[in-house]
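Below, each chain spelled out in residue letters.
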Amino acid sequence: MAATYSIHPVGVIRKTGDTACIEIFEAYRDAMLGLEGFSHIQVLFWFHENDSPGHRRTLQVHPRNNPANPLTGVFATHSPRRPNLIGLTSCRITGIDGTRIAIEAIDARDGSPVIDIKCFIPDAKPPADVRVPDWV
C-alpha cells in the first residue's frame, strides 16, 4: 500500500450570503453527464483552512466545538480537524447551468476545494436502523 496519495480538486465551493454552488472545473465537465437526473449529491471537499500539522494530529474533540458535549474521537464526528481533512455532506441540487451546480446549502466554506461528487442514492435500510449519540 502506498504511504501517500494525490488528490486533485475537481471544482470549488462558492458561497455568497444565502446562496451556494459548486463550480466544476472545465476539465471535468464531462463527469457531470446525467447529474440532472438526481435531486441530491454527496460532496467531498477539503477543509483547506484547517490544513496544519497540529490540526492533522487532532484525534479527539468536543463535537460541534461545544465543551458540554463529551470528548469524542474525530472518526465519530464531523470535525474539520482530523488526520485527513476530507469533508462530506449531502446537498439538494437546485439547478445546473453549464459547470455550475446550484445547491441549497453546504457546510463547507467559500473557496473550499471539491475533491469529488457522488450522486445520492438512498439506502434500502429503514431509518429505524439508524442510531446516533444524544449530542447529535
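Residues numbered from 1 in each chain as written. Predicted model: local features only at pLDDT ≥ 70, side-chain atom pairs only at ≥ 80, totals over all residues. Heavy atoms only, no water.

Attention shifts here to the pairing of strand S3 (residues 40–46). Counted residue by residue, S3 has 5 buried out of 7 residues, so it is predominantly covered. Across 7 bridges, S3 lies against strand S6 (residues 86–97) in antiparallel orientation. In the strand pairing of S6, glutamine 42 is matched with serine 90. Judged from the 5 bridges that link them, S3 and strand S8 (residues 113–119) form a sheet pairing that is antiparallel. Bridging from a neighbouring strand, phenylalanine 45 pairs with valine 114 of S8. (Buried < 20%, exposed > 50% of the residue type's maximum accessible area, 1.4 Å probe, protein only. Helix = DSSP H or I, 4+ residues; strand = E, 2+ residues; numbered from the N terminus. Pairing = 2+ DSSP bridges.)

For the rest of this paragraph, the subject is the environment of proline 133. With respect to the element layout, proline 133 can be found in the segment after S8. Overall, proline 133 belongs to the partly exposed group, its relative accessible area being 43%. In this structure, the C-alpha to C-alpha distance between proline 133 and alanine 76, residues 57 residues apart in sequence, is 9.6 Å.

In this section: the sheet that holds S6. Ordered by their spatial adjacency, 6 strands build a closed barrel running S1-S2-S7-S6-S3-S8, and the pairing between neighbours is antiparallel. Direction aside, neighbouring strands of the sheet carry axes that sit 45° apart on average. (Axes fitted to C-alpha atoms, helices over the stretch in contact; angles between N-to-C directions.)

Two side chains of opposite charge can pair, provided their charged atoms sit close to one another. The full count for this structure, using the stated rule, is 7 salt bridges. Residue glutamate 23 is joined to arginine 100 by a salt bridge in which the shortest nitrogen-to-oxygen separation is 3.1 Å. On the criterion of sequence distance, the pair formed by glutamate 23 in strand S2 (residues 19–24) and arginine 100 in strand S7 (residues 100–103) is long-range, its members being 77 residues apart. One salt-bridge network, in which partners are shared between bridges, spans Arg14, Glu23 and Arg100. (Salt bridge = Lys/Arg side-chain N within 4 Å of Asp/Glu carboxyl O.)

Okay, the nonpolar core next. In this structure, Ile13, Ile22, Ile41, Val43, Ile101, Ile103 and Ile106 are the most contacted members of the largest nonpolar core, which totals 22 residues. Counting only elements with at least two residues in this core, the list comes to S2, S3, S6, S7 and S8. Top element by residues in this core is S3. It accounts for 5 residues. Discounting chain neighbours no more than four positions away, the residues touching isoleucine 41 are Ile22, Leu35, Thr89, Ser90, Cys91, Ile93, Ile101, Ile103, Ile117, Lys118, Cys119 and Phe120. (Core = buried A, V, L, I, M, F, W, Y, C linked by side-chain atoms within 4.5 Å. Contact = heavy atoms within 4.5 Å.)

Summed over the entire model, instances satisfying the criterion amount to 0 disulfides. Cysteine 91 takes part in no disulfide bond, and the closest cysteine sulfur, belonging to cysteine 21, lies 11 Å away. Given the relative accessible area of 1%, cysteine 91 is considered buried. You can see cysteine 119 has no disulfide; the closest cysteine sulfur is in cysteine 91, sitting 14 Å from it. A relative accessible area of 31% places cysteine 119 in the partly exposed class. (Disulfide = S-S within 2.5 Å.)

The values are spatial; any link to function lies outside them.
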